[in-house]
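# Coordinates in review
As a plain string of letters, each chain reads:
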Amino acid sequence: MGHTRHRVGRTARLGVAAAVAVLAAGCSDGGPPDDEETPTPESAALRVQTVTGGERLDETTRTEIEGAVGEVLSDYVLEGFLGEFPRQDFVRAFEDFTSVAARKATRHIDYLTAATARDATDMRATELDARLSFLDQAGEVHGATATVHFAFEATMEDGSTRPLTLDGRFLLDADEGTWSVFGYDVRFDNGDESSAEAEGGGS
């Protein structure tokens, strides 16, 4: 078993490997700090841990696959929940979904992204945990289940904060080394005293 951490940010694809870049927290011009500005708390890093199915993999292979799956999840979190707010575009969260899963996910966009908090002025991740179970045959991994707990804090226009929580699982498979989400079964709570479940998938 093992675990890796990914700072959710812009990503660069290098073949089947993934390099997840760290978004700079800010820039300094060497001048005195502005006392009127309060630093925005940094979003939590994505923690990816293999819990089953990695026993027969060597450490290099396991780390490589964790990185590839972690990149898919990082892209999903960034496009679905983080970035600049307020904003309207959340569909790009499904770019690493298969075509069928993406179509279904679009219908569930309010339960798979922060679309219901689109008017927030800021959004940060407070917990991003993913536990991976791999399906392997003869030492080759063909699929994975990512059981996730993703928690966020939205800052609204009036200065109040609202928690958003996504729990459940994403089903992924690899096609010639490229990982995609082909199914999901999640429960989403958008902090307004209601929650909803969403399920979908397909090739």
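Model, not experiment: these values are computed from the prediction. Within any chain, residue numbers begin from 1 and follow the written order of that chain's sequence. In keeping with the model being predicted, local features are shown solely for residues with a pLDDT of at least 70 and side-chain atom pairs are shown and tallied solely at 80 or more, while totals for entire chains, interfaces and linings include all residues. Excluded from the side-chain calculation are hydrogens and water; included are all heavy atoms of the structure.

Once that is clear, we can look at the overall build of the chain. What counts as a helix is a DSSP run of H or I of at least four residues, what counts as a strand is a run of E of at least two, and both are numbered from the N terminus. Secondary structure summary: the chain contains 3 helices and 9 strands in total. For the chain, with 203 residues in total, the buried portion stands at 43%. The long-range share in the chain, meaning contacts at least 24 apart out of those at least 6 apart in sequence, stands at 61%. With an accessible surface of roughly 11,100 Å², the chain has 46% of that area assigned to carbon and sulfur atoms. Throughout, exposure labels follow a simple rule: accessible area from a 1.4 Å probe, protein chains only, divided by the maximum for the residue type, with under 20% read as buried, over 50% as exposed, and the rest as partly exposed. Residues count as neighbours in contact if any of their non-hydrogen atoms are within 4.5 Å of one another. Note that accessible areas follow from Shrake-Rupley with a 1.4 Å probe, and for residues the cover is restricted to the protein chains shown.

This next bit is on the pattern of salt bridges. Pairing of side chains with opposite charge becomes possible as their charged atoms draw close. Salt bridge, as applied in this entry: a Lys or Arg side-chain nitrogen positioned within 4 Å of an Asp or Glu carboxyl oxygen. Throughout the structure, instances matching the rule amount to 4 salt bridges. A salt bridge links glutamate 79 to arginine 92, with the shortest nitrogen-to-oxygen separation between them at 3.5 Å. With a gap of 13 residues between them, glutamate 79 in helix α1 (residues 59–81) and arginine 92 in the loop between α1 and α2 (99–107) connect regions that are remote in the sequence. Taking the relative accessible area as the measure of exposure, glutamate 79 reaches 21% and is therefore partly exposed.

Using a 1 Å grid laid over the protein atoms alone, points where a 1.4 Å probe fits but cannot get out form a cavity; open sets with protein on both sides within 12 Å along at least 5 of 7 lines form a pocket; any residue with an atom within 4 Å of a point counts as lining. Grid points are joined across faces, edges and corners, and a volume is the space filled by probe spheres set on the points. Of the pockets and cavities examined, the second largest pocket occupies roughly 200 Å³. What lines the second largest pocket is a set of 11 residues, and nearest its centre among them are Ile65, Val141, Ala174, Gly177 and Trp179.

Turning to α1, a few remarks are in order. Multiplying 1.5 Å by the residue count of a helix minus one yields the expected span of that helix. With 23 residues, α1 extends 31 Å from end C-alpha to end C-alpha; this agrees with the ideal 33 Å at 1.5 Å per step. Within α1, 17 of the 23 residues are buried, which leaves it mostly tucked inside the rest of the structure. The residue sitting at the N-terminus of α1 and contributing the capping side-chain oxygen is aspartate 58; that oxygen lies 3.1 Å from the backbone nitrogen of threonine 60. Positive backbone phi, approximately 85°, marks glycine 83, located one or two places after α1. The definition of a polar contact used here is a pair of N or O atoms within 3.5 Å, where within protein one atom must be able to donate a hydrogen and the other to accept one, and adjacent residues in sequence count solely through side-chain atom pairs.

What counts as a ring pair is set by centres within 6.5 Å for rings of Phe, Tyr and Trp (its six-membered ring), and what kind of pair is set by the plane angle: stacked under 30 degrees, edge-to-face over 60, tilted for all other angles. Throughout the structure, instances matching the rule amount to 9 aromatic pairs. Each ring, one from tyrosine 76 and one from phenylalanine 97, has its centre 6.0 Å from the other, and the planes form 40°; the classification is tilted. Separated by 21 residues along the polypeptide, tyrosine 76 in helix α1 and phenylalanine 97 in the loop between α1 and α2 bring together distant segments of the chain. With respect to class, tyrosine 76 is no different from phenylalanine 97; both count as buried. With a centroid separation of 4.3 Å and an interplanar angle of 5°, the aromatic rings of phenylalanine 81 and phenylalanine 152 are classed as stacked. In this pair, phenylalanine 81 sits in helix α1 while phenylalanine 152 sits in strand β6 (residues 140–155), placing the two residues 71 residues apart along the sequence.

Here is a general trend for soluble globular proteins: nonpolar side chains tend to be buried in one another's company. Take the buried residues of types Ala, Val, Leu, Ile, Met, Phe, Trp, Tyr and Cys, join any two whose side-chain atoms come within 4.5 Å, and each joined set is a nonpolar core. Counting 51 residues, the largest nonpolar core has Tyr76, Phe97, Phe152 and Phe170 as its most contacted members. Contributions of two or more residues to this core are made by β4 (46–52), α1, α2, α3 (109–112), β5 (122–137), β6, β7 (161–175) and β8 (178–189). By residue number, the principal contributor to this core is α1, which donates 9 residues. Beyond its immediate chain neighbours, meaning those up to four positions away, phenylalanine 170 contacts Tyr76, Phe97, Leu112, Ala144, Thr145, Ala146, Val148, Val181, Gly183, Tyr184 and Val186.

Below, the discussion takes up unusual backbone geometry. With an omega of -5°, the peptide bond between phenylalanine 85 and proline 86 qualifies as cis. Residue placement: proline 86 occurs in the loop between α1 and α2. Positive phi outside glycine occurs at glutamate 176, with the angle close to 55°. One can find glutamate 176 in the loop between β7 and β8. For glutamate 176, a relative accessible area of 77% corresponds to the exposed category.

These results come straight from atomic positions and should not be treated as a statement about function.
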